[in-house]
Amino acid sequence: MPHHDNVTKVLQRLSMVDVKPVGSTLPINCKLSGKQSPKTKADKAEMIKIPYASAVGSLMYAMVCTRPDIGYAVGVVSRFMSNPGREHWAAVKWILRYLKGTSSVCLRFGSGKPLLEGFTDSDMSADVDTSRSTSGYVMTYAGGAVSWQSRLQKSVALSTTEAEYMAVVEAGKEVIWMKDFIGELGIRQEEFRLHCDSQSAIHLAKNAAYHSRTKHIQRRYHWLRERVEDKDFALTKIHTEENGSDMLTKVLSAEKLDVCRRRIGMASHPMPE
């Protein structure tokens, strides 16, 4: 498991091998912002000695390869690469402590039917500095995650419905790409489902009539309606508790995080002796 070896090396480099593991990817109610970046020359000089960029780079490697569960947390700490502060560094070390405690967790396939399906979610105004929301999605095949993303939205959403709608658009683009990809591999699937826990966003995607609360949504997002109308994929309602992409938009408790992990095929694997 390459990500495990990579994380172990980082922990050794930072003298964190014996740290106490934690159950969440970041502290609950963690609010990082640019205001926590160093202001004085002395503080900046102190932070220059800390290998922040290197540690975040290692976390990104783990996230991209095998660990979608840290996608949101890594996205948050990576925003402060140019001028990290003590609180930002504490958050990076927290993620490493989480990885230490879950080093046996890995992606597994075959627990579900050989079908591609997607899950999408958003968190309203998650970013303290810009008030932009976070979009998250995960695509699974045969019960295991094959593609995932956690990213700040390009513009400020003015309602929860709008934030969810914008998240569904990004996930929809990935469904279309993955659909074409598995088609080139000769895999045939009758219907592609994208699961969303926002009934209002689903209604907006299926209803061409403008609502007073959503008429300001940029036209490019209404690409979604055409795709749904053409049956390129089906938008279906899923309960939040069953939405595996929930962990890509917010910090969850250890219990909720475990539910999300299992929903996308992440499970503990016995470590080699």
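Here, the structure is the one placed above.
1. A look at helix 5 (residues 86-101)
- Between its first and last C-alpha, helix 5 extends 23 Å over 16 residues, near the 22 Å set by a 1.5 Å rise per residue.
- Within helix 5 the residues assigned to the buried category are His-88, Trp-89, Ala-91, Val-92, Ile-95, Leu-96, Tyr-98 and Leu-99.

2. Digging into the sheet that holds strand 4 (residues 144-152)
- One open sheet holds the five strands; their spatial order is 4-3-2-5-6, and the pairing between them is mixed. Strand pairing shows two members of the sheet lacking a second neighbour, strand 4 and strand 6 (234-237), which therefore form its edges. Adjacent strand axes in the sheet meet at a mean angle of 20 degrees when their direction is disregarded.
- In this sheet, strand 5 (residues 193-196) lies alongside strand 2 (residues 116-123) in parallel orientation, the contact comprising four bridges. For Gly-118, the partnering residue across the bridge sits in strand 5 and is Leu-194.
- Helix-sheet contacts for helix 6 (residues 160-184) involve strand 2, strand 3 (134-141), strand 4, strand 5 and strand 6, and the interaxial angle to strand 2 is about 160 degrees.

3. Quick notes on the packing of aromatic side chains
- Scanning the entire structure with this criterion turns up two aromatic pairs.
- Each ring, one from Tyr-52 and one from Trp-89, has its centre 6.2 Å from the other, and the planes form 50 degrees; the classification is tilted. Note that Tyr-52 is positioned in helix 3 (residues 52-65) and Trp-89 in helix 5, a separation of 37 residues in sequence.
- Exposure remark for Trp-89: the relative accessible area of 10% places this residue in the buried category.
- Considering the side-chain rings of Trp-177 and Phe-181, the 5.4 Å spacing of their centres and the 10 degrees angle between planes classify their relative orientation as stacked. Placement of the pair is Trp-177 and Phe-181 together in helix 6, with a separation of four residues, close to one helical turn.

4. Here we look at the pattern of salt bridges
- For the structure on display, the rule yields 15 salt bridges.
- Two residues, Asp-230 and Arg-227, come together in a salt bridge whose shortest N-O distance is 3.3 Å.
- Arg-227 sits in the buried class, given a relative accessible area of 17%.
- For Asp-232, the salt bridge goes to Arg-227, with nearest N and O atoms at 2.7 Å.

5. Here's the deal with the nonpolar core
- Among the nonpolar cores identified, the biggest contains 45 residues, and Ile-70, Val-77, Val-92 and Leu-96 are the most heavily contacted of them.
- Counting residues per element, the ones that place at least two in this core are helix 1 (2-13), helix 3, helix 4 (71-77), helix 5, strand 1 (105-107), strand 4 and helix 9 (254-263).
- A total of seven residues in this core trace back to one element, the largest contributor, which is helix 5.
- The next biggest cluster of nonpolar side chains, apart from the first, holds 22 residues, and it includes Leu-204, Leu-224, Val-228 and Phe-233.

6. Observations concerning the packing of helix 6 against helix 7 (residues 199-206)
- In contact at an axis separation of 8 Å, helix 6 and helix 7 are set at 65 degrees when each is read in the N-to-C sense. The angle between helix 6 and helix 7 places the two elements in the roughly perpendicular class. Where helix 6 crosses over helix 7, the handedness of that crossing is right-handed. Residue-level inspection shows Thr-161, Glu-164 and Tyr-165 of helix 6 in contact with helix 7, the latter providing Ser-200, Ala-201, Leu-204 and Ala-205.

7. Brief notes about the pairing of strand 2
- For strand 2, the tally of buried residues reaches six of eight residues, placing the bulk of the element in the interior.
- Across eight bridges, strand 2 lies against strand 3 in antiparallel orientation. Each bridged residue has a counterpart across the sheet, and for Thr-120 the counterpart in strand 3 is Tyr-137.

8. Some remarks on unusual backbone geometry
- In this structure, Ser-131 takes a positive phi of about 65 degrees despite not being glycine.
- Its place among the elements puts Ser-131 in the loop between strand 2 and strand 3.
- Even without being glycine, Lys-231 reaches a positive phi, approximately 60 degrees.
- By secondary structure assignment, the location of Lys-231 is in the loop between helix 8 (223-229) and strand 6.

9. Overview of helix 6
- Compared with an ideal rise of 1.5 Å per residue, which puts 25 residues at 36 Å, helix 6 spans 37 Å between its outermost C-alpha atoms and is within 8% of the ideal.
- Looking one or two places after helix 6, you find Gly-186, whose phi comes out positive at around 85 degrees.

10. So, the environment of Val-175
- With respect to the element layout, Val-175 can be found in helix 6.
- Every residue in contact with Val-175, bar those within four places of it in the chain, is listed here: Met-139, Phe-192, Leu-194 and Phe-233.

What counts and what doesn't
- What you see as residue numbers is a count from 1 along each chain, following the sequence as written.
- A pLDDT threshold of at least 70 governs which residues receive local features in this predicted model, and a stricter bar of 80 or more applies before side-chain atom pairs are shown or counted, although totals over entire chains, interfaces and linings include all residues.
- To get the side-chain values, all heavy atoms of the structure are used, and hydrogens and water are removed first.
- Only DSSP runs of H or I with at least four residues qualify as helices, and only runs of E with at least two residues qualify as strands; both kinds are numbered from the N terminus onward.
- The span expected for a helix works out to 1.5 Å for each residue beyond the first.
- Using a 1.4 Å probe on the protein chains alone, a residue whose accessible area is under 20% of its type maximum counts as buried, one over 50% counts as exposed, and one in between counts as partly exposed.
- Following DSSP output, two strands are said to pair if at least two bridges run between them.
- To define axes, lines are fitted to C-alpha atoms, for helices over the stretch in contact only, and angles between the resulting N-to-C directions are given on a 0 to 180 degree scale.
- Two residues form a contact once any of their heavy atoms are found within 4.5 Å.
- Classification of ring pairs uses Phe, Tyr and Trp, with its six-membered ring standing for Trp, and accepts pairs whose centres are within 6.5 Å; under 30 degrees between planes counts as stacked, over 60 as edge-to-face, and the remaining range as tilted.
- Any carboxyl oxygen of Asp or Glu that lies within 4 Å of a side-chain nitrogen of Lys or Arg is treated as forming a salt bridge with it.
- Among buried residues, those of type Ala, Val, Leu, Ile, Met, Phe, Trp, Tyr and Cys that are joined through side-chain atoms within 4.5 Å constitute a nonpolar core.
- Roughly parallel means an angle under 35 degrees; roughly antiparallel means over 145; roughly perpendicular covers 65 to 115; every other angle is labelled oblique.
- Crossings are classed by handedness, with left-handed meaning an anticlockwise turn of the near helix from the far one by less than a right angle and right-handed meaning a clockwise turn.

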